[in-house]
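# Geometric and topological summary
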Amino acid sequence: MCSLQAFRASILDFIDDPFYATLADSVRYFPDGLLVLEDGHVHAFGHYPDLHSQYANCPIVDYSNHLIMPGFVDLHVHYSQTEMIASYGKQLLDWLNTYTFPTERKFKELSYARQIASMFCDELMRNGTTTALVFTTVFPQSVDAFFEEAQQRNLRMIAGKVMMNRHAPDYLTDTAETAYTETKTLIERWHKQNRLLYAVTPRFAITSTPEQLQRAGQLLREFPDVYVHTHLSENVKEVAWVKELFPQAAGYLDVYDQAGLVGDRSIFAHGVQLTDAEFERMAQAGGAIAFCPTSNLFLGSGLFKIEQAKSTKTPIHVGLGSDVGGGTSLSILQTAHAAYEVAQLRQQTLSPYQILFLATLGGAKALKLDDKIGNFNVGKEADFVVLDPRATPIMALRNAAPTPTTLETLAEQLFALVMMGDDRSVRATYVMGAIAHSHDSATATPSAS
Ligand code: GUN
Ligand code: ZN
């Protein structure tokens with residue numbers, strides 16, 4: 001009996017960053033590939049014709065005419081805002097007061113938090129997202145609900161309790177002290193349990209006093225391998241208010257810097273309004289930005305300067321964030337589509353390889369998790385997505401050509417997949433080699449030979 005699992009399909013991953021390296025050095029593509037797993041980890045990966053005789057006794061799941069890629073990484077999303085996605089007509093600060101805070105209030109109820117956590121994880125699986133950096137709410141029980149759900153599904157997820165002690169309704173605020181003690185308890189309970197990791201999560205500079213930000217910094221000194229996850233320089237009015245609230249700081253990023261919150265495990269959502277000096281500081285610190293294009297368009301925040309973040313002068317780790325409910329879709333394919341269009345509006349053209357790098361290995365690198373996820377190097381955790389480039393009639397028409405055999409012809413097909421794809425293109429999602437979602441579970445299953 002063979003104890004291994006094997007999957008045959010076209011297989012694509014990245015071994016370096018195509019914003020800086022050539023395609024030959026950064027893209028790995030097997031038109032007829034074989035991915036072999038052992039105990040949920042990659043055991044072997046390569047050309048089917050080269051490998052299959054070694055695994056002749058193993059059942060092979062055949063996903064012919066499909067593309068296997070590493071699971072998508074959503075670098076910034078609010079599970080607590082699932083229910084209020086697509087709420088009409090406001091920009092950031094009004095949107096928070098009108099829709100967001102009343103919705104997050106509901107998470108005081110553990111049963112509601114559990115219900116949404118389950119629905120949210122189902123949606124991630126339906127969209128091929130296997131790792132996410134997640135905002136919860138101010139209520140510790142909302143963190144427990146999310147981590148319990150993720151743990152039960154064996155997901156690699158990162159989350160944290162929102163810290164916020166001012167400029168929000170009383171029903172949604174903590175204090176500098178309770179934010180510290182509750183976060184500390186949650187780190188001790190959840191950080192590194194199974195595949196879960198903790199992020200210290202001050203909401204943004206406006207809703208934390210300087211004292212609370214200092215307490216967040218204290219937590220990082222006490223637990224140096226947890227993350228920082230917050231919002232930064234999203235909206236013009238927000239940036240102006242931060243200037244008023246922190247007159248002694250050199251700028252928005254400096255508010256976080258003064259509290260010891262800017263380092264190589266810091267992930268900042270948005271960064272739309274960053275100055276040149278802030279790009280330089282971010283590059284020097286090794287921090288990461290979650291590029292949230294659907295949200296930045298939906299809330300009218302602006303066009304992220306992707307070309308500056310991915311320049312050789314100020315190279316910054318970037319991944320894609322859906323930012324639901326500010327963002328309009330949990331699909332990282334749709335998020336990637338919007339990233340392409342935002343770059344177009346800045347007179348920049350992203351290649352499909354660059355965009356899909358951001359969605360996979362780029363996100364993993366931003367999280368310093370590229371030793372565990374992000375591509376199919378031997379030993380990595382086998383989280384992956386099976387994509388159907390011909391999922392709808394019009395996609396089948398557009399991608400009618402046979403399986404691409406070169407990076408040039410693959411680029412054509414990938415680009416159409418990114419532009420037209422969404423959850424319908426996700427045939428299946430696997431977590432540590434176990435099926436977590438299948439588009440066709442009610443009908444045919446992939447053939448095993
Ligand atoms: N800034 C502070 N809180 C939020 C939030 O919930 N969503 C977004 N997009 N920006 C924020
Ligand atoms: Zn957000």
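Scope of this entry: the structure provided in the associated data block. (Residues numbered from 1 in each chain as written. Chains lettered and ligands numbered in written order. Predicted model: local features only at pLDDT ≥ 70, side-chain atom pairs only at ≥ 80, totals over all residues. Heavy atoms only, no water.)

## Let's talk about the coordination of the zinc ion (ligand 2)
Our working definition: In this analysis a donor is any N, O or S atom within 2.8 Å of a metal ion (3.2 Å for sodium, potassium and calcium), and since water is not included, sites may seem incomplete. Labels for metal geometry use angle windows, namely 85 to 135 degrees for all angles of a four-donor tetrahedral site, and for square planar (four donors) or octahedral (six donors) sites opposite donors over 155 degrees apart plus all others within 65 to 115; sites meeting none of these are irregular. For the purposes of this entry, the term helix denotes a DSSP run of H or I that reaches at least four residues, the term strand denotes a run of E that reaches at least two, and both are numbered from the N terminus. Remark: exposure states derive from per-residue accessible area (1.4 Å probe, protein chains only) relative to the maximum for the residue type, with buried under 20%, exposed over 50%, and partly exposed in between.
On the protein side, the zinc ion (ligand 2) has His-76 (NE2), His-78 (NE2), His-231 (NE2) and Asp-323 (OD) as donor atoms, found 2.0 to 2.2 Å from it. Coordination geometry of the zinc ion (ligand 2): the four donor atoms subtend angles of 87 to 168 degrees at the metal centre, consistent with an arrangement described as irregular. Written as a sequence motif, the donor arrangement for the zinc ion (ligand 2) is H-x1-H-x152-H-x91-D. Taken together, the residues His-78 in strand β5 (residues 72-78) and His-231 in strand β10 (residues 227-232) connect sequence positions 153 residues apart. This pair shows no difference in class: His-78 is buried, exactly as His-231 is.

## Thoughts on the site of ligand 1
Our working rule: The criterion for a residue being near a molecule or strand is simple. One of its heavy atoms has to lie within 4 Å of it. In protein, a polar contact means a hydrogen-donor-capable atom and an acceptor-capable atom, both N or O and within 3.5 Å, with residues adjacent in sequence counting only if both atoms are side-chain atoms; elsewhere, any N or O pair within 3.5 Å suffices. Using the Shrake-Rupley algorithm and a 1.4 Å probe, accessible areas are obtained, with residue cover drawn only from the displayed protein chains. Here the term charged refers only to Asp, Glu, Lys and Arg, the term nonpolar to Ala, Val, Leu, Ile, Met, Phe, Trp, Tyr, Cys and Pro, and the term polar to all other amino acids, Gly among them.
Looking at ligand 1, the residues that line it are His-78, Gln-81, Leu-92, Trp-95, Leu-96, Arg-203, Phe-204, His-231, Glu-234, His-270, Leu-299 and Asp-323. Within the side chain of Arg-203, a nitrogen or oxygen atom sits 2.7 Å from an oxygen atom of ligand 1. Within the side chain of Glu-234, a nitrogen or oxygen atom sits 2.7 Å from a nitrogen atom of ligand 1. Contact with the protein chains hides 100% of the accessible area of ligand 1, taken as 280 Å² for the molecule alone. Among the elements that line the shell around ligand 1, the one with the most residues is helix α3 (residues 92-105), at three residues. A per-class count over the shell around ligand 1 returns five nonpolar, four polar and three charged.

## With respect to the packing of aromatic side chains
Quick note on the threshold: Pairs were defined over the aromatic rings of Phe, Tyr and Trp, the Trp ring being its six-membered one, requiring ring centres within 6.5 Å. Orientation was assigned from the angle between planes: stacked under 30 degrees, edge-to-face over 60, tilted for the rest. In this analysis the charged atom, NZ for Lys or CZ for Arg, is taken to sit over a ring once it is within 6 Å of the ring centre and within 35 degrees of the ring normal.
Enumeration over the complete set of coordinates arrives at 20 aromatic pairs. Taking 4.9 Å as the distance between ring centres and 90 degrees as the angle between the ring planes, the aromatic pair formed by Phe-30 and Phe-45 counts as edge-to-face. Of this pair, Phe-30 sits in strand β2 (residues 27-38) while Phe-45 sits in strand β3 (residues 41-47); the two residues are 15 residues apart in sequence, bridging distant segments of the chain. The same class applies to Phe-30 as to Phe-45, namely buried. Across from the ring centre of Tyr-171, 4.0 Å away, lies the NZ or CZ of Arg-105, which sits over that ring. Stacked on the ring of Tyr-227, the Lys or Arg Arg-265 has its end atom at 4.6 Å from the ring centre.

## As for the state of the cysteines
Put simply, the rule is: Counting rule for disulfides: a pair of cysteine sulfur atoms within 2.5 Å.
Per the counting criterion, the structure on display carries one disulfide. Two residues share a disulfide in this structure: Cys-2 and Cys-58, whose sulfurs sit 2.0 Å from each other. The chirality of the disulfide connecting Cys-2 with Cys-58 is right-handed, given an S-S dihedral of about 75 degrees. A residue pair is termed long-range when its members are at least 10 positions apart, and Cys-2 in the segment before β1 (5-14) and Cys-58 in the loop between α2 (48-51) and β4 (60-70) qualify at 56 residues. On the accessibility criterion, Cys-2 (15% relative accessible area) is buried. Here Cys-121 stays unpaired: no disulfide links it, and the sulfur of Cys-292, its closest cysteine neighbor, is 19 Å away. By relative accessible area, Cys-121 is classed as buried at 0%.

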